[in-house]
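Here is what each chain is made of, one letter per residue.
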Amino acid sequence: LLSRAQAIQNWLVETRRTLHKLPEPGFQEFKTHSAIRRVLEAHNIPYKFPYGKTGIVAFIGEGKPVVGLRTDMDGLPIHEPAGGSGGAGGFQSENEGWMHACGHDAHMTMALGAAKLLKAAKDAGELPPGTVNIVFQPAEEGGAGGDVMIQEGAVDDTDAIFGMHVMPHLPSGTVHSRAGTIMAGALSFRVVVQGRGGHAAMPHLNVDPVVAAAGLMSALQTVVSRETSPLGSGVLSITMLRAGDAYNVIPDEVMFGGTIRGLTHEHLMFMKRRIEEMAPAIAAGYSCNATVDWRLDEQPYYPPTVNDESMAAFALKTAAKLFGPEAAQIAEPLMTGEDFAFFCRKIPCALSFLGIRNESAGSVHALHSPKFTLDESVLYKGAAMHVTTAVDFLRAFAVEALEGQE
């Protein structure tokens with residue numbers, strides 16, 4: 001399977017570069033949707049749509065067991081510089097102000113490569129009994145597209161699901177996973193502190209929300225540093241602040257916002273409760289009012305991504321089989337969020353990280369950076385990982401099903 005994947009590396013690079021030109025917002029991945037369907041149809045791979053407006057589920061094989069391979073589709077609102085890898089390579093984003101800066105173009109490519117290889121195996125009579133569902137999911141970047149697909153029945157018949165995310169901080173070609181929590185849960189918040197504005201030279205006649213907001217922002221840092229265990233993992237980051245527009249005017253209100261992260265749902269809910277308690281109480285000490293908005297309509301809550309123990313072991317075993325034991329590593333949990341978590345709450349799952357750090361390829365920049373560059377040499381490895389995971393799952397769990405019938 002590894003050699004078969006390597007044989008389509010040029011096709012994978014071409015496919016990835018085509019998709020790289022088409023970054024689109026969540027639930028609006030219409031060109032991406034069409035590009036995926038063209039590839040599936042060219043290989044006579046059946047599929048169902050729409051899920052979550054633009055999502056697709058392709059299926060190869062029939063009957064039980066059913067294993068899912070999930071990929072995300074959307075881009076990010078980032079301008080891709082002309083001097084970046086896309087511009088230099090002739091495949092820069094064609095959607096101004098949007099970029100595939102999180103590797104979703106690579107994720108889709110590896111999933112399409114897996115579909116191509118699996119279909120060839122099926123046509124040659126080499127695919128074990130069962131079905132491989134390949135889930136192309138919209139709106140991972142804050143829109144909870146995975147949750148929408150689940151609610152619409154996209155994985156109702158699926159026994160387990162596997163996902164993969166490229167990671168530029170990990171050595172290229174290595175695979176990292178772990179049992180239990182691998183990525184944090186996430187919530188974003190907006191706080192509005194209201195006072196009474198007026199002339200900055202006469203602050204005693206006003207109620208200054210700037211000073212109140214500054215005090216509140218400082219106090220909120222104690223939620224993690226003084227109210228949670230130092231052995232736990234939590235993040236409270238304030239990332240935006242907006243107040244007045246004039247040097248000599250105290251504004252009526254101040255808005256600030258940020259994010260909280262935690263490796264357990266309980267930890268996140270504790271931080272959420274403390275922010276809700278502290279904001280009005282501390283603002284009142286400055287004769288101001290404060291309200292907290294969790295922005296759930298704009299950016300839904302993402303729970304922690306919790307890998308099933310047996311599925312994580314299965315993924316690492318597959319990686320060791322393909323690339324050698326030294327390439328299969330236990331992952332350190334990350335405080336970033338991922339809506340693969342929704343699939344993990346419904347069925348057994350495993351998310352793995354595929355390392356892409358390669359200085360000679362310029363693949364050293366962080367996810368969500370306009371300088372993000374993909375080491376394309378990993379594409380065939382990701383496709384091989386998907387295919388081998390799916391085939392080995394069908395073999396292993398078809399045997400279990402037969403033994404259960406006996």
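Residues numbered from 1 in each chain as written. Predicted model: local features only at pLDDT ≥ 70, side-chain atom pairs only at ≥ 80, totals over all residues. Heavy atoms only, no water.

## Digging into the overall build of the protein
No. 1: Each helix and strand counted, the protein has 12 helices and 16 strands in total.
No. 2: When burial is assessed residue by residue, the protein has 53% of its 406 residues classed as buried.
No. 3: Sequence-distant contacts, at least 24 apart, represent 80% of the contacts inside the protein between residues at least 6 apart.
No. 4: By element, 53% of the accessible surface of the protein is carried by carbon and sulfur atoms, the whole surface being about 17,300 Å².
No. 5: Across the protein, the 32 positively charged side chains and the 44 negatively charged ones have centroids separated by 2 Å. (Helix = DSSP H or I, 4+ residues; strand = E, 2+ residues; numbered from the N terminus. Buried < 20%, exposed > 50% of the residue type's maximum accessible area, 1.4 Å probe, protein only. Contact = heavy atoms within 4.5 Å. Areas by Shrake-Rupley, 256 points an atom, 1.4 Å probe, with all protein chains shown as cover. Lys, Arg positive; Asp, Glu negative; His and termini not counted. Charge placed at Lys NZ, Arg CZ, Asp CG, Glu CD.)

## Points about the packing of aromatic side chains
No. 1: Taken as a whole and assessed by the stated rule, the structure comprises 9 aromatic pairs.
No. 2: A ring pair is formed by Phe 189 and Trp 294, whose centres lie 5.9 Å apart and whose planes are at 65°; its orientation type is edge-to-face. One end of the pair, Phe 189, is in strand 8 (residues 185-194); the other, Trp 294, is in the loop between strand 13 (289-293) and strand 14 (305-307), and 105 residues separate them in sequence. Here Phe 189 and Trp 294 have matching classes, each one buried.
No. 3: Aromatic ring contacts, followed pair by pair, group Phe 162, Phe 314, Phe 393 and Phe 397 into a single cluster.
No. 4: In this structure, Lys 48 packs its charged tip against the face of Phe 59, placed 5.7 Å from the ring centre.
No. 5: Against the face of Trp 11 rests Lys 116, its NZ or CZ located 4.8 Å from the ring centre. (Phe/Tyr/Trp six-rings, centres within 6.5 Å; stacked < 30°, edge-to-face > 60°. Lys NZ or Arg CZ within 6 Å of the ring centre and 35° of its normal.)

## Quick look at helix 7 (residues 209-220)
No. 1: Here helix 7 contains 12 residues, and its C-alpha end-to-end distance of 16 Å stays within 8% of the 16 Å for a straight helix at 1.5 Å per residue.
No. 2: All buried positions along helix 7 are accounted for by Pro 209, Ala 212, Ala 213, Gly 215, Leu 216, Met 217, Ala 219 and Leu 220.
No. 3: Of the surrounding secondary structure, the elements contacted by the buried residues of helix 7 are strand 8, helix 8 (222-225), strand 10 (234-242), strand 11 (249-250), strand 12 (253-262) and helix 9 (265-284).
No. 4: For helix 7, the N-terminal cap is Asp 208; the gap from its side-chain oxygen to the backbone nitrogen of Val 210 is 2.8 Å. (Expected span 1.5 Å × (residues − 1). Polar contact = N/O pair within 3.5 Å; in protein donor to acceptor, adjacent residues only side chain to side chain.)

## Brief notes about the state of the cysteines
Two cysteines whose sulfur atoms are joined by a covalent bond form what is called a disulfide.
No. 1: One pass over the structure, following the stated rule, counts 1 disulfide.
No. 2: Each sulfur of the disulfide joining Cys 344 and Cys 349 lies 2.0 Å from the other. Between Cys 344 and Cys 349, the S-S torsion sits near 100°, and that sign places the bridge as right-handed. We note that Cys 344, like Cys 349, is buried.
No. 3: Not part of a disulfide, Cys 102 finds its nearest cysteine sulfur in Cys 344, a span of 16 Å.
No. 4: We classify Cys 102 as buried; its relative accessible area is 6%. (Disulfide = S-S within 2.5 Å.)

## Notes on the nonpolar core
Buried together is how nonpolar side chains tend to be arranged in soluble globular proteins.
No. 1: Counting residues in hydrophobic clusters, the biggest one holds 66 residues, and the most contacted among them are Leu 40, Ile 134, Phe 136 and Phe 162.
No. 2: Beyond its immediate chain neighbours, meaning those up to four positions away, Phe 136 contacts Ile 36, Leu 40, Gly 55, Ile 56, Ala 58, Thr 71, Met 73, Met 108, Ala 111, Leu 112 and Met 149.
No. 3: Within the second largest apolar cluster, 26 residues are counted, among which are Val 207, Phe 256, Ile 275 and Tyr 301. (Core = buried A, V, L, I, M, F, W, Y, C linked by side-chain atoms within 4.5 Å.)

## A short note on the environment of Phe 270
No. 1: Looking at where Phe 270 falls in the secondary structure, it is placed in helix 9.
No. 2: Ignoring any residue separated from it by four or fewer positions in sequence, one finds Phe 270 in contact with Glu 227 and Thr 228.

## Quick look at the sheet that holds strand 10
No. 1: Strand order in the open sheet made by the 4 strands is 10-12-8-13, with antiparallel pairing throughout. Each end of this open sheet is capped by a strand with a single partner; those strands are strand 10 and strand 13. Averaged over all neighbouring strand pairs, the angle between strand axes comes to 20°, with direction disregarded.
No. 2: Relative to strand 12, strand 8 runs antiparallel, the two sharing 10 bridges. (Pairing = 2+ DSSP bridges. Axes fitted to C-alpha atoms, helices over the stretch in contact; angles between N-to-C directions.)

## Examining the sheet that holds strand 5 (residues 160-171)
No. 1: Taken in spatial order, the 8 strands of this open sheet run 1-2-4-3-5-16-6-15, and their pairing is mixed. Both outer strands of the open sheet, strand 1 (47-51) and strand 15 (328-330), are each paired with one neighbouring strand and no more. Each neighbouring strand pair of the sheet contributes to a mean axis angle of 25°, computed without reference to strand direction.
No. 2: For strand 2 (residues 55-62) and strand 4 (residues 130-137), the ladder comprises 7 bridges, and the chain directions are antiparallel. If you follow Phe 59 over to strand 4, its bridge partner there is Asn 133.
No. 3: Against the sheet, helix 3 (residues 30-42) touches strand 1, strand 2 and strand 4, its axis set at about 15° to strand 2.

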